[in-house]
Amino acid sequence: MTRQAKALAVHLLTATGAVFAMLAMLEAIERDWAMMFVWLIVAFAVDGVDGPLARHYQVKQNAPQFDGVLLDLIIDYLTYVFIPAYALYASGLMDGWSGWAAIIVITFGSAMYFADTRMKTADNSFSGFPGCWNMVVLVLFALSPSWQICLGLVAVLTVAMFVPVKFVHPVRTDRWRALTLPMALAWTVFAGFAAWEGFAPVPVVFWGLMVTSIYLLIAGAAQQALYGRDG
């Protein structure tokens, strides 16, 4: 294959995320939350590998007719924000006025965040919570907390999108990547098992999901506290 063909193949791989998003949405409409999250996790895995491949095959130079960043953002909004917000409301975890508040705040706030030109820091971390609602909502499904706790978490994380606190990118943040990347991979595995088990995970899956989620949530802030915002 030529370099141009390989770069184009990376764009096509990224675009499969839109198909997985549609499959997840169809499962959400049927209220098959386990399968919805299985498809979202597949999309999450694709999102984790297409970036390194894009940089390796230099898609900006070899396949410039497609904007890979824009394509990625469109699919991320569907899989990270739109479908998880719908699931949070339609599942009954947050219904009535709290559910309406959640879907409005999540979709509106995330749209503004995804368009924010300041969303990346000098070390390729995220500035503010990166709108990974797919991860948040999956953990909420596994925990089944009260709507008050769900609402409080939605409010805190929405505000966190626009405060200058770092959140690590599992692949692109160099510092602690030897730990962060395995944590992200482990989270994907634990999340897949939790969804497959109908959100009644065995203890090892439950605690694995909790530990990896907490690490990914606080690692960036810990780095910022230790080394500074751009360190």
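Parameters at a glance
All residue numbers refer to position in the chain's written sequence, counted from 1. With the structure being a predicted model, the display of local features is reserved for residues of pLDDT at least 70 and the display and counting of side-chain atom pairs for 80 or more, all residues being used for whole-chain, interface and lining totals. Side-chain descriptors were evaluated using all non-hydrogen atoms of the structure, hydrogens and water having been removed beforehand. To obtain each axis, a line is fitted to C-alpha atoms, and for helices this fit is confined to the stretch in contact; angles are then taken between N-to-C directions over 0 to 180 degrees. The way it works is that DSSP assigns letters per residue, a run of H or I at least four long becomes a helix, a run of E at least two long becomes a strand, and they are numbered from the N terminus. Here the word oblique covers every angle except those under 35 degrees (roughly parallel), over 145 (roughly antiparallel) and from 65 to 115 (roughly perpendicular). For any helix crossing, the convention is left-handed if the near helix is rotated counterclockwise from the far helix by under a right angle, and right-handed if that rotation is clockwise. Whether two residues touch is decided by their heavy atoms; if any such pair falls within 4.5 Å, the residues are in contact. Polarity classes work like this: nonpolar for Ala, Val, Leu, Ile, Met, Phe, Trp, Tyr, Cys and Pro, charged for Asp, Glu, Lys and Arg, and polar for all others, with Gly in that last group. For this document, the term salt bridge refers to a Lys or Arg side-chain nitrogen within 4 Å of an Asp or Glu carboxyl oxygen. Only protein chains enter the accessibility calculation, which uses a 1.4 Å probe. A residue is then buried if its area is under 20% of the maximum for its type, exposed if over 50%, and partly exposed in between. Method remark: on a 1 Å grid restricted to protein atoms, a set of points is classed as a cavity if a 1.4 Å probe fits but cannot get out and as a pocket if it is open with protein on both sides within 12 Å along at least five of seven lines; lining residues have an atom within 4 Å of a point. Grid points are joined across faces, edges and corners, and a volume is the space filled by probe spheres set on the points.

A. How the structure looks around the packing of helix 8 (residues 177-196) against helix 9 (residues 203-227). Contact pair helix 8 / helix 9: the axes reach a minimum separation of 9 Å and the direction vectors enclose 140 degrees. In terms of their interaxial angle, helix 8 and helix 9 are classed as oblique. As for the relative orientation of helix 8 and helix 9, their crossing is left-handed in sense. Between helix 8 and helix 9, the contacting residues are Leu179, Thr180, Met183, Ala184, Ala186, Trp187, Phe190, Ala191, Phe193 and Ala194 on the first element and Val204, Val205, Gly208, Leu209, Thr212, Ser213, Tyr215 and Leu216 on the second. Grouping the amino acids of the contact of helix 8 with helix 9 by side-chain chemistry returns 14 nonpolar, 4 polar and no charged.

B. Inspection of the pattern of salt bridges at higher detail. Going through the model one piece at a time under the given rule, you end up with 3 salt bridges. With a closest N to O distance of 2.9 Å, Asp116 and Arg118 form a salt bridge. Given a relative accessible area of 16%, Asp116 falls into the buried group. Residue Arg177 pairs with Asp174 through a salt bridge whose shortest N-O separation is 3.2 Å.

C. A look at the environment of Ala222. Structurally, Ala222 is set in helix 9. Considering only alpha carbons, one finds Ala222 and Lys166, 56 residues apart in sequence, at a separation of 8.5 Å.

D. Just empty space enclosed by the protein, in detail. Tallying each qualifying case throughout the model produces 2 cavities of 30 Å³ or more. For the largest cavity, the calculated volume is near 60 Å³. In this structure, the largest cavity is lined by Thr14, Gly17, Ala43, Phe44, Val46, Asp47, Asp50, Asp72, Ile75, Asp76, Thr79 and Tyr80. Among the elements of the structure, helix 1 (3-29), helix 2 (33-56) and helix 4 (68-90) are those that each provide at least two residues to the lining of the largest cavity. Here the residues of the lining of the largest cavity are counted per class, giving 5 nonpolar, 3 polar and 4 charged. By volume, the second largest cavity amounts to about 40 Å³. In terms of lining residues, the second largest cavity is bounded by Phe37, Leu40, Ile41, Phe44, Asn134, Met135, Leu138 and Trp187. Elements supplying a minimum of two residues to the lining of the second largest cavity: helix 2 and helix 6 (133-143). When residues in the lining of the second largest cavity are grouped by element, the largest group, 4 residues, is from helix 2.

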